[in-house]
Amino acid sequence: MNFPQFAFNNVRRNARAYIAYFLSSSFMVMIFFAYSVFIYHPGVANSEMGPSSATSMQIAAYIVYIFAFFFVLYSISSFLKSRNLEFGLLTILGARPGQINKLIFMENMLIGFFAIVTGLAGGMLLSKLFLLLSTRVIGIDDLPFYWPVKAILITSISFISLFLVISIFTLLFIRKNRVLELLQGNAKPKKQPKASILLTLLGTALLATGFFTLQIEIGSPTVLLVAAITGIAGTYFFYSQLSVFIVRLLQRSRKSTWRGTRLLWISEMSYKLRDNSRILFLITVVTALASMGAGVVLSLNQAGRDIYHENPFSVNMTYYETPTSETELSMIRQELEQAGVEYTEIRIDTLYSSAVTGDGQEQTLRLMGLQQFNKLASSLGLKEDNKLGRNEAILIDSEAIFIDSKEQVAADYVVNGMVTLKEQSAAALTVKESLETDAFAFFQSNAPILVVPEPWMDTVQTALAAEPEANASPMIEYAYKVPAWDTGALPKADSPEAITGAKLGKWNAEMSQKSETPFFLSTRANTYMLLKQSTAMISFVSIFVALIFSASSASFLYFKLHSELTADIRMYRALSKIGLSTREMSATATKQIAVLFYIPVFVSAIQSYVVVRPVMSSLVNTGVGSSVLVIFAAYLVLQSVFFLIVKSRYIWSLKKMMV
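Residues numbered from 1 in each chain as written. Predicted model: local features only at pLDDT ≥ 70, side-chain atom pairs only at ≥ 80, totals over all residues. Heavy atoms only, no water.

> Pulling in residues and values, what's your account of the overall build of the protein?
Of the regular secondary structure elements, the protein holds 20 helices and nine strands. Each of the 659 residues in the protein was classed as buried or not, and the buried ones make up 48%. Restricting to contacts in the protein with at least 6 residues of sequence separation, those with at least 24 account for 82%. (Helix = DSSP H or I, 4+ residues; strand = E, 2+ residues; numbered from the N terminus. Buried < 20%, exposed > 50% of the residue type's maximum accessible area, 1.4 Å probe, protein only. Contact = heavy atoms within 4.5 Å.)

Right, dumping it as structure tokens:
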């Protein structure tokens with residue numbers, strides 16, 4: 001038997017230890033290859049959204065490759081530590097350090113080679129499905145299958161280089177232990193884990209700092225940086241110190257802990273948490289980052305749906321100055337008539353005014369005449385109010401989906417139940433009623449709206465005209481209500497509303513720069529579709545990256561459990577001789593494995609909610625709890641699948657050694 005055969009047999013005989021690492025590496029190669037197939041597809045460059053989608057795929061491929069580097073590096077390091085006994089025996093039999101290094105190098109390259117071949121084969125089989133799914137999700141024309149020579153070459157070279165560099169890099173850090181230490185392997189007794197009180201308090205303080213920092217102004221990059229650093233550092237101390245401290249406290253409670261096998265698995269957990277603190281920390285951080293990204297995307301998708309449903313008008317045209325012609329309106333009418341739908345055109349005239357707020361500052365608001373409000377009320381689902389006294393008004397706070405666009409809170413304008421306009425400061429308006437509604441969310445400005453009697457509109461406009469720099473022209477908006485499109489369902493890419501909206505959106509982009517009168521045209525369907533397309537690409541990419549993170553996390557834990565299997569076999573075999581049953585062993589081992597698998601998921605879910613809630617609350621006026629819950633449930637299902645697989649194999653190995 002020559003040396004390459006010896007290396008191959010080593011890999012084959014240790015298939016149980018290598019299988020998770022091999023499958024995870026193959027999966028990474030397959031996903032990287034699938035992204036490359038899309039990136040270098042000749043039809044992508046000819047599509048409108050193709051280049052931007054290819055860029056997103058490229059970023060995802062970089063993320064996969066960087067993560068693969070650290071995954072392979074950690075996995076190889078774990079295998080080397082678990083093979084000390086084998087290296088000690090080889091040394092006694094006369095193997096030189098250079099030969100052991102050669103053996104390790106060849107084994108790593110063999111696994112890498114087969115992982116690349118398997119990943120490319122799987123990628124080729126799924127490439128057509130991947131192209132079909134990606135085009136459907138993104139909303140571009142179907143891409144035909146092609147022979148991806150460039151993608152194959154780039155994937156092969158990239159991962160051959162990765163395995164080669166890591167194999168060489170690992171050899172430089174192999175510990176030159178004495179033969180006796182190598183022969184002892186993992187049989188050396190472990191010291192009882194102890195938690196430092198100072199480090200435990202430090203970890204608690206860091207986590208608290210990260211939490212309370214996020215309650216401050218979230219828009220500051222410094223705040224986010226401080227929260228990220230303290231949160232990540234606090235998470236590490238949570239696993240390495242705080243968790244051990246909690247287990248030690250549980251052990252002291254004889255009433256709750258010293259019952260049945262509870263003492264056994266709780267005592268063992270202190271060792272396993274300390275030994276696996278780094279890997280649990282890494283899994284938590286990676287899972288939390290993936291969950292945060294997915295939570296943000298889901299929240300934005302929800303915001304897009306809310307924007308569509310809360311806009312009662314299919315088309316909105318805003319003139320910032322009084323138009324001299326109806327060219328733009330004719331275009332809208334023409335497109336709606338070509339779509340074969342009936343519509344109602346509503347003109348909305350408002351004035352920008354200023355009012356003194358409670359803190360003495362002047363802030364902008366919009367004035368709307370009572371007659372105009374009554375005309376809109378039925379379309380917006382509001383109650384008509386035909387009775388306003390001469391100096392009475394209705395104050396409307398328009399809820400903004402995107403909170404950054406909100407200019408001022410309506411309640412700030414009310415001082416002693418009255419609103420004082422800058423242009424008519426001699427007489428204040430009594431606020432008869434205050435409304436908070438999202439009915440006016442279609443307005444391009446989210447300044448509060450003050451509904452006033454018609455004479456006040458003329459008075460304020462005259463006052464504005466007398467000011468040299470004031471804009472006395474009313475803002476004119478045309479809103480088009482199309483009953484046939486108000487079905488309550490979201491539009492699809494091929495629906496008449498979406499097609500008409502896309503045409504008007506393209507025309508608006510071309511004409512807005514040419515027209516002498518500044519205007520802005522928006523359609524609710526086109527706005528929704530653009531947001532959906534932008535987040536769909538991120539969602540599609542994130543799904544596969546999250547799958548890699550989840551599969552790799554399970555592999556990490558499998559490696560650690562496998563490296564501890566020999567010690568656990570000795571312990572459970574000894575306990576079985578004094579009466580521990582197979583059923584009790586299975587329950588004890590299951591609880592320990594469950595803690596290792598599920599603690600990172602629950603901790604990352606809490607961290608995701610703590611971070612995503614203030615971030616998204618500062619951007620969009622929509623709940624984030626459901627988004628985080630959906631992501632958490634998905635990870636929980638994936639982790640449960642991996643848990644059942646790993647647990648069954650692990651307990652099966654233990655059962656064989658029970659007396």
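> Got a sec to walk through the pattern of salt bridges? Specific residues and values, please.
For the structure shown, the criterion picks out six salt bridges. One salt bridge in this structure joins D486 and R524, with 2.6 Å as the shortest N-O distance. Here D486 is found in the loop between β8 (475–481) and α16 (496–511), whereas its partner R524 is found in helix α17 (residues 524–563), with 38 residues between them in sequence. D486 gets classed as partly exposed once you look at its relative accessible area, which sits at 31%. Here R524 falls in the buried class, since its relative accessible area comes to 6%. Residues joined by salt bridges that share partners form a network here, namely K481, D486, E497 and R524. (Salt bridge = Lys/Arg side-chain N within 4 Å of Asp/Glu carboxyl O.)

> Tell me about the pairing of strand β1 (residues 315–319), and name the residues and values.
Here β1 lies mainly inside the structure; five of its five residues are buried. Judged by which residues are buried, β1 turns out to be covered on both faces: V315, M317 and Y319 on one side and N316 and T318 on the other are all buried. With five bridges joining them, β1 and β8 adopt antiparallel strand pairing. Across the sheet, residue M317 finds its bridge partner in β8, namely Y478. Pairing of β1 with strand β9 (residues 519–523), which is carried by five bridges, proceeds in the antiparallel orientation. In the sheet register, N316 faces β9, and the bridge partner there is S522. (Pairing = 2+ DSSP bridges.)

> Requested: an account of a nonpolar patch on the surface, with residues and values cited.
On the surface, L125, L126, L129, L132 and L133 cluster together into a nonpolar patch covering about 470 Å² of accessible area. The exposure class assigned to L125 is exposed, which follows from its relative accessible area of 72%. (Patch = residues over 30% accessible without salt bridge, like charges linked within 9 Å, V, L, I, M, F, W, Y side chains within 5 Å. Areas by Shrake-Rupley, 256 points an atom, 1.4 Å probe, with all protein chains shown as cover.)

> Give me the lowdown on the side chain of T588, citing residues and values where you can.
With respect to the helices, strands and loops of the structure, T588 is situated in helix α19 (residues 582–617). Here T588 falls in the buried class, since its relative accessible area comes to 0%. Ignoring sequence-local partners within four residues, the contact set of T588 consists of T261, L264, W265 and Y572.

> Quick one: what's the story with the nonpolar core, residue by residue and with numbers?
Ranked by internal contacts, the top residues of the largest apolar core, which has 88 residues, are Y21, Y35 and F597. With near-sequence residues (within four places) excluded, F597 lies in contact with A554, L557, L561, Q639, F642, F643 and V646. Listed in part, the 20 residues of the second largest apolar core include L370, F373, F440 and V451. (Core = buried A, V, L, I, M, F, W, Y, C linked by side-chain atoms within 4.5 Å.)

> Go over the packing of aromatic side chains with me, naming the residues and quoting the values.
Summed over all chains, the structure comprises 13 aromatic pairs. Ring geometry for F211 against F212: centres 5.2 Å apart, planes inclined by 80°, an arrangement best described as edge-to-face. Ring centres 6.0 Å apart and planes at 50° place the aromatic pair Y308 and Y528 in the tilted group. A residue pair is termed long-range when its members are at least 10 positions apart, and Y308 in helix α12 (residues 277–310) and Y528 in helix α17 qualify at 220 residues. With respect to class, Y308 is no different from Y528; both count as buried. Chaining the aromatic ring pairs together yields one cluster made of F32, Y65 and F159. A cation sits over an aromatic face here: R366 above Y352, 5.5 Å from the ring centre. Over the face of the ring belonging to Y308 we find R524, whose NZ or CZ atom lies 4.8 Å from the ring centre. (Phe/Tyr/Trp six-rings, centres within 6.5 Å; stacked < 30°, edge-to-face > 60°. Lys NZ or Arg CZ within 6 Å of the ring centre and 35° of its normal.)

> Summarise the confidence of the model for the protein; cite the residues concerned and give the values.
On average, residues of the protein score 76 in pLDDT, and 80% of them are at 70 or above. Low pLDDT, under 50, characterises residues 401–407; the stretch is placed with 29 contacts to residues that sit more than four places away or in other chains. (pLDDT = per-residue confidence, 0-100.)

> Could you give an account of the packing of helix α13 (residues 327–338) against α16, naming the residues involved and the relevant values?
Packing of α13 against α16 leaves a shortest axis separation of 10 Å and a crossing angle of 160°. It follows that α13 is roughly antiparallel to α16 by the angle criterion. When you trace α13 past α16, the crossing you get is right-handed. The residues of α16 that touch α13, namely those facing E328, M331, I332, E335 and L336, are T500, K503, L504 and W507. (Axes fitted to C-alpha atoms, helices over the stretch in contact; angles between N-to-C directions. Parallel < 35°, antiparallel > 145°, perpendicular 65-115°, else oblique. Left-handed = near helix turned anticlockwise from the far one by under 90°.)

> Let's hear about the side chain of N316: which residues, and what values?
Looking at where N316 falls in the secondary structure, it is placed in strand β1. Accessibility expressed as a relative area gives 2% for N316, which makes it buried. For N316, the residues in contact, after removing those within four places along its chain, are N311, F442, Y478, A479, F520, L521 and S522.

> Tell me about the environment of K102, residues and numbers included.
Inspection of the secondary structure assignment puts K102 in helix α5 (residues 97–138). Between the C-alpha atom of K102 and that of P4, which follows or precedes it by 98 residues, the distance is 9.6 Å.

> Can you explain helix α14 (residues 370–380)? Please cite residues and give values.
With eight of its eleven residues buried, α14 lies for the most part within the structure. At the C-terminal side of α14, G381 shows a positive phi close to 75°.

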